[in-house]
Amino acid sequence: MQFTSLQQSLINRYQKGFPLTSQPFKQIAQELNTDENEVIAAFNQLQQDNVLSRIGPVFDHKKAGASTLAAIAVPIDQLDEIAERVNKFEQVNHNYAREHTYNLWFVVTDSDWLALNKTLEEIEQVTGLAVLVLPMEASYHIDLSFDVDFSQAPVKRLEN
Amino acid sequence: MSVSTYPSKELSALERAYILLTQNGMPVIPQPFHYIAEQLDISVEQALAMTKDLKQRGIIRRIAAVPNHYKLGYRFNGMTVWDIDDEQASKFGDAVGKLPFVSHCYLRPRQLPNWNYNLFAMVHGTTPEEIEVYRSQIKDLLADVLQDRGNKLESYNMLTSTKILKKTGLRLKNKTA
């Protein structure tokens, strides 16, 4: 995927520290020595191409409610069907298939621990399978920002 | 299957409404906080102040243009899991978390006999070989604290992702009062 130099800057510089002002895109434009309309157009294009999934606050699931990692060991031929049942819960925000006996890994977030426990029980009921519950006990590092080296690793457009 | 019950951080009704409104992103318009203020029926100053306050309390981790890593070429991720000495977990968790290719590093409870790993570190890369190298670097770092439980349980593993089945931002339910 080819990115303009403005898009590259937007991707690398604003994975944190998006300006908290009434006209943030204008401020970004000033920081990058361009104009506001260019910045808005570039951000819109990146969102449209799904290179950026969203622009806005990233919430700490744990502090905005109660959250846990969970896993299910699903018989392989039932994986899609069970995944679909799990995904129907709006409290499930991530769900990955992984190579292991525990092959379905998902994050469940709810308003509080009581509600979360209830949701986990419901997931066991609708899947008929035991859920491995692995809440976070300590966090050592969370940094989801990537410094993309556009010159070294030209990123190819993924067809889908 | 059960998690301990302890109270989550209190959120006001307005803060809850703010989260519901912004969790899927803000509009890309010249004055996005005006839009938020209007929706919540508060002033722009209040909307900005609330954002700063939530950030200060750690409820907002950061304000970001959130990239889709897959589209940027980071197509491979591995959840590396380790069974390490509890006494050393904090010290070594911290060291693993500092590695540049680790995005998350967490301590989680073991669920014996099925699950003996207590340290989780996510690694990301553009090729399968790249994340293998990362796993071996973490293994070197943890060599002295890995627990040997005999033949029945491995002391470490890497669970690679074969398919993203669902991925959304925080979805707080819209509770009817």
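Along every chain, residues carry numbers that run from 1 in the direction the sequence is written. Chain letters start at A and ligand numbers start at 1, both assigned in the order the entries are written. In view of the model being predicted, local features appear only for residues whose pLDDT reaches at least 70, and side-chain atom pairs are presented and counted only at 80 or more, with totals across whole chains, interfaces and linings using the full set of residues. Heavy atoms throughout the structure, all of them, feed into the side-chain values; hydrogens and water do not.

Novice: Teacher, can you tell me more about the overall build of chain A here?
Specialist: In DSSP terms, a helix is any run of H or I states spanning at least four residues, a strand is any run of E spanning at least two, and both are numbered starting from the N terminus. Along chain A, the regular secondary structure elements total 5 helices and 6 strands. Scanning chain A from its N terminus toward the C terminus, one meets helices and strands in the order α-α-α-β-β-α-β-β-α-β-β. Here, Shrake-Rupley sampling with a 1.4 Å probe gives the accessible areas, and only protein chains in the shown set may cover a residue. For chain A, the exposed surface amounts to about 7400 Å²; the carbon and sulfur share of it is 44%.

Novice: Quick question: what am I supposed to make of the packing of aromatic side chains here?
Specialist: To describe a pair of aromatic rings, you give the distance between the ring centres and the angle between the ring planes. Aromatic pairs are defined between Phe, Tyr and Trp rings, using the six-membered ring for Trp, whenever the two ring centres lie within 6.5 Å; interplanar angles under 30 degrees are classed as stacked, those over 60 as edge-to-face, and all others as tilted. Per the stated rule, a full pass over the model turns up 9 aromatic pairs over all chains. Note on F25 of chain A and F43 of chain A: the rings are 5.6 Å apart at their centroids and 70° apart in plane angle, and the pair reads as edge-to-face. Residue F25 of chain A is located in helix α2 (residues 24-31), and its partner F43 of chain A is located in helix α3 (residues 36-48); the two are separated by 18 residues in the primary sequence. With 6.4 Å between their ring centres and 80° between their planes, F59 of chain A and Y18 of chain B make a pair best called edge-to-face. With F59 of chain A in strand β1 (residues 52-59) and Y18 of chain B in helix α1 (residues 13-22), this pair bridges two chains. In this scheme, a residue with accessible area under 20% of its type's maximum is buried, one over 50% is exposed, and one in between is partly exposed, where area comes from a 1.4 Å probe on protein chains only. Take F59 of chain A: its relative accessible area is 3%, and that puts it in the buried class. Judged by relative accessible area, Y18 of chain B falls into the buried class, the value being 0%. Taken together, the ring pairs in this structure connect Y102 and W105 of chain A together with W115, Y117 and F120 of chain B into an aromatic cluster. To sit over a ring, a charge needs its Lys NZ or Arg CZ within 6 Å of the ring centre and within 35 degrees of the ring normal. For the cation-ring pair, R98 of chain A lies above Y96 of chain A, with the distance from its terminal atom to the ring centre recorded as 5.1 Å. When the ring centre of F120 of chain B is taken as reference, the NZ or CZ atom of R108 of chain B above it lies at 5.1 Å.

Novice: Just to check I follow, could you spell out the domain arrangement of chain B for this structure?
Specialist: Accessible area lost on assembly of the parts is the figure often given for the size of an interface. Domain segmentation is taken from an automatic or database assignment of domains. Segmenting chain B into domains produces domain 1 (13-56) and domain 2 (76-160). Placing the centre of domain 1 of chain B and that of domain 2 of chain B at their C-alpha centroids yields a distance of 38 Å.

Novice: I keep staring at α1 of chain B and nothing clicks. Help me out?
Specialist: Along an α-helix, residues three or four apart share an orientation, since each turn contains 3.6 residues. Every buried residue belonging to α1 of chain B is among E15, R16, Y18, I19 and T22 of chain B, and all of these are buried. Looking straight down α1 of chain B, one finds its buried side chains confined to an arc of 155°; they lie on one side. On its buried side, α1 of chain B packs onto β1 of chain A together with α2 (32-40), α3 (44-56) and β1 (60-67) of chain B. The arc in question is the one traced by the directions running from the helix axis out to the C-beta atoms. Residue contacts follow a heavy-atom distance rule, with two residues in contact if any of their heavy atoms lie within 4.5 Å.

Novice: Looking at this model, I keep getting lost on the interface of chain A and chain B. Mind explaining?
Specialist: If you look at the interface, chain A gives 87 residues, while chain B gives 89 residues. Buried area is understood as the total, over both parts, of accessible area removed when two parts are fitted together, assessed with a 1.4 Å probe. Counting each side, the surface lost to burial between chain A and chain B is near 8300 Å², with a carbon and sulfur contribution of 62%. When the buried surface of chain A facing chain B is broken down by residue, L20, F59 and Y140 of chain A rank first, second and third, together holding 10% of it. By convention in these notes, a salt bridge is any Lys or Arg side-chain nitrogen within 4 Å of a carboxyl oxygen on Asp or Glu. Taken together, the connections running from chain A to chain B amount to 1 salt bridge. The closest approach of N and O atoms between R61 of chain B and D60 of chain A, which form a salt bridge, is 3.6 Å. Per-element tally for the side of chain A that touches chain B: the top contributor is β1 of chain A, with 8 residues. Throughout, the ten residues Ala, Val, Leu, Ile, Met, Phe, Trp, Tyr, Cys and Pro are labelled nonpolar, Asp, Glu, Lys and Arg are labelled charged, and all others, Gly among them, are labelled polar. When grouped by side-chain class, the residues that make up the side of chain A that touches chain B number 44 nonpolar, 25 polar and 18 charged.

Novice: What should I look at first to understand the nonpolar core in this one?
Specialist: Side chains of a nonpolar character, in soluble globular proteins, are inclined to be buried together. For our purposes a nonpolar core is just a set of buried Ala, Val, Leu, Ile, Met, Phe, Trp, Tyr and Cys residues, chained together by side-chain atoms within 4.5 Å. Formed by 43 residues in total, the largest nonpolar core has its most connected members in L10, F18, I28 and F43 of chain A together with Y18 of chain B. Every element with two or more residues in this core is listed here: α1 (5-13), α2, α3 and β1 of chain A together with α1, α2, α3 and β1 of chain B. Each residue touching F18 of chain A, except ones within four places of it in the same chain, is listed here: P24, F25, I28, F43 and I55 of chain A together with M26, I63 and A64 of chain B.

Novice: Looking at this structure, how should I read the pairing of strand β2 (residues 66-72) of chain A?
Specialist: Successive residues of a regular strand alternate their side chains across the two faces of the sheet. Residues and elements named next belong to chain A. In terms of burial, β2 is largely enclosed, as 7 of its 7 residues are buried. Of the two faces of β2, the one lined by A66, T68, A70 and I72 and the one lined by S67, L69 and A71 are each fully buried. What makes two strands pair is DSSP finding at least two bridges between them. With 7 bridges joining them, β2 and strand β4 (residues 104-110) adopt antiparallel strand pairing. Residue pairing in the sheet places I72 in a bridge with L104 of β4.

Novice: Even after reading the chapter, I still don't get the pattern of salt bridges, so can you show me in this structure?
Specialist: Any two side chains of opposite charge can pair, given that their charged atoms come close. All names here are of chain B. One pass over the structure, following the stated rule, counts 10 salt bridges over all chains. A salt bridge links D53 to R57; the nearest nitrogen and oxygen atoms lie 2.9 Å apart. Judged by its relative accessible area of 30%, D53 falls in the partly exposed class. With a relative accessible area of 33%, R57 lands in the partly exposed category. R110 is the partner of D83 in a salt bridge, and the nearest nitrogen-oxygen pair spans 3.1 Å. Placement of the pair is D83 in the loop between β2 (76-82) and α4 (89-97) and R110 in the loop between β3 (102-107) and β4 (119-125), with a sequence separation of 27 residues. Side by side, D83 and R110 carry an identical accessibility label, which is buried.

Novice: Could you clarify how one ought to interpret the side chain of T22 of chain B in this entry?
Specialist: With respect to the helices and strands, T22 of chain B occurs in helix α1. Setting aside chain neighbours within four positions, we find T22 of chain B in contact with P57 and F59 of chain A together with I36 of chain B.

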